[in-house]
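What follows is each chain in one-letter form.
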Amino acid sequence: MAVVTKAVKGTQDIMPDEVYKNQFIEQIMLDIAGKFGFREIRTPVFEHTELFQRGVGETTDVVQKEMYTFDDKGGRSITLRPEGTAGAARAFLEHGLFNEALPQKLCYILNCYRYEKPQAGRWREFQQFGVEMLGTASPAADAEIISLAKEIFAFLGVEGLQLELNSIGCPECRKNYHNALREYFEARKDKLCPTCLGRLEKNPMRILDCKSPICHEVAKDAPAILDYICDDCSAHFESVKKYLDKMNIEYVINPRIVRGLDYYTRTVFEFVSTEIGAQGTVCGGGRYDGLLEELGGPHTPSLGFAMGTGRLLMVMQAQGIEIPAPPTCDIYVAPMGENASFEAAAIVADLRASGVSAQTDVVGRSLKAQMKYADKIGAKYTMVLGDDELNSKTAKLKNMATGETTEAGLDGFADSFMEFIIKEETAALNASLGGELDGVDLSAILNQQF
Ligand code: HAM
């Protein structure tokens with residue numbers, strides 16, 4: 001088959017057989033963030049390029065090498081968002097949220113675009129769940145967002161992600177650090193890649209997270225920021241650690257974490273997996289106390305994190321965590337002939353209105369082909385409708401798993417099917433629990449499912 005083209009390199013189709021997994025974790029993320037007071041924000045997929053140049057930083061890999069930037073038909077430079085923080089910060093300023101009760105707690109699920117070298121866990125289009133807390137300088141907030149990420153992992157049953165923590169100080173304490181870095185890299189200049197040579201003057205910290213393996217090697221023994229942070233930043237960091245200790249959140253200090261985006265100040269952190277290969281950072285975040293001012297707004301200390309849903313699903317798969325597949329079809333009604341087809345259409349409409357997932361033939365297939373189809377889509381029950389059934393107003397309901405059949409009246413069928421299926425599910429649940437539910441009335445609970 002000569003299909004015109006394939007999906008673009010670094011992008012992936014999430015097929016219907018898999019999509020429920022994304023929906024499942026997305027819902028959990030939004031629900032848990034909701035418990036912490038985060039409300040969802042949806043910002044545009046593209047922004048003025050300047051937003052990322054100013055926000056993410058001119059000397060970052062993201063801005064220098066990875067952005068999807070183009071001129072639109074009006075000649076404006078537009079960029080597909082490489083991350084969610086800059087857009088959320090822009091929207092916060094544009095809509096005057098700084099006048100509302102602070103901190104503002106925003107969360108999002110969005111697709112991001114980075115022209116990186118695709119490999120396992122690294123795509124050019126990928127999805128992030130993120131949170132941003134805008135308008136608080138307190139170390140309690142740092143611990144709170146870290147605990148939010150932890151709670152999501154715990155709820156999903158994900159284990160073994162290591163929390164790595166660092167402080168990269170404020171612009172003040174970074175001045176001394178930059179000097180120390182310049183001195184260190186100046187002496188090893190001949191080994192740096194051309195991009196890093198450019199960074200040496202402007203922003204030597206960026207050399208620390210250059211993706212070139214040679215620069216990476218050179219940076220191994222570079223001075224560590226923690227030896228240079230000022231008293232205020234140090235006190236903040238100590239306090240964050242104390243909160244985490246109190247909350248029984250384990251962490252390791254990793255003085256090498258600098259994060260790949262320029263807006264960070266003070267606390268930075270990553271949750272890292274060793275089970276999914278080189279791209280093991282599932283979640284990354286930190287403080288960005290200067291970003292809102294950089295974008296032209298008032299001083300608004302803020303912080304947040306984002307986790308890649310693709311990488312999280314990879315970890316869940318590596319750990320054998322099953323995500324329950326939603327039922328695709330409770331009942332398939334198989335009509336034989338035109339009259340029955342009209343009747344079947346009315347019956348499935350009633351069933352769907354009652355909350356049951358019901359399907360019928362929309363192709364004009366033979367009965368045999370319809371039953372094959374019902375089997376393929378995983379229908380739990382089937383019901384054949386022909387002239388005899390229409391005349392007698394009764395039909396046979398077949399349990400596709402056991403092959404058992406039950407007589408069902410067609411008048412008021414949607415209601416009686418609901419009752420029937422609730423009884424069946426109750427019995428199945430009780431059997432799976434070894435009869436523990438004998439005598440317990442579960443119908444009220446099961447009713448809510450439909
Ligand atoms: P980031 O570390 O660039 O931070 O990305 C966050 C997460 O997105 C990563 O830990 C990873 O799971 C996922 N990710 C990044 N790039 C890719 C890729 N090419 N393919 C697959 N997944 C990827 C940020 O984006 C910040 N905006 C996070 C933040 C929010 N900081 C404060 N607030």
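Scoring rules and cut-offs
Residues numbered from 1 in each chain as written. Predicted model: local features only at pLDDT ≥ 70, side-chain atom pairs only at ≥ 80, totals over all residues. Heavy atoms only, no water. Helix = DSSP H or I, 4+ residues; strand = E, 2+ residues; numbered from the N terminus. Rg over C-alpha atoms; globule rule 2.2 N^0.38 Å. Buried < 20%, exposed > 50% of the residue type's maximum accessible area, 1.4 Å probe, protein only. Contact = heavy atoms within 4.5 Å. Areas by Shrake-Rupley, 256 points an atom, 1.4 Å probe, with all protein chains shown as cover. Expected span 1.5 Å × (residues − 1). Arc of directions from axis to C-beta.

Enquirer: Explain the overall build of the chain here, please?
Expert: Helices and strands together make up the secondary structure of the chain, namely 16 helices and 16 strands. For the chain, the C-alpha radius of gyration of 28 Å lies well beyond 22 Å, the compact-globule estimate for 450 residues. Each principal axis of the C-alpha atoms in the chain carries an extent, and together these give about 90 × 55 × 45 Å. Residue burial in the chain is summarised as follows: out of 450 residues, 48% are buried. Contacts in the chain between residues at least 24 apart in sequence constitute 69% of all its contacts with a sequence separation of at least 6. Per element, the accessible surface of the chain, about 22,900 Å² overall, is 51% carbon and sulfur.

Enquirer: Which parts of the structure should I look at to understand helix α12 (residues 338–353)?
Expert: Residues lying three or four places apart along an α-helix face the same way, a consequence of the helix completing one turn every 3.6 residues. In a regular helix each residue adds 1.5 Å, so 16 residues correspond to 22 Å; α12 covers 23 Å between its end C-alpha atoms and thus fits that length. Looking only at α12, the buried set comprises Ala 340, Ala 344, Ile 347, Val 348 and Leu 351. The buried residues of α12 occupy an angular sector of 100 degrees when the element is viewed end-on, so they sit on one face. The outward face of α12, more than 90 degrees from its buried face, is lined by the exposed residues Glu 338, Asn 339, Phe 342 and Ala 353. Positive phi shows up at Gly 355, right after α12, with a value of about 95 degrees.

That's the geometry; what it means functionally is another story.
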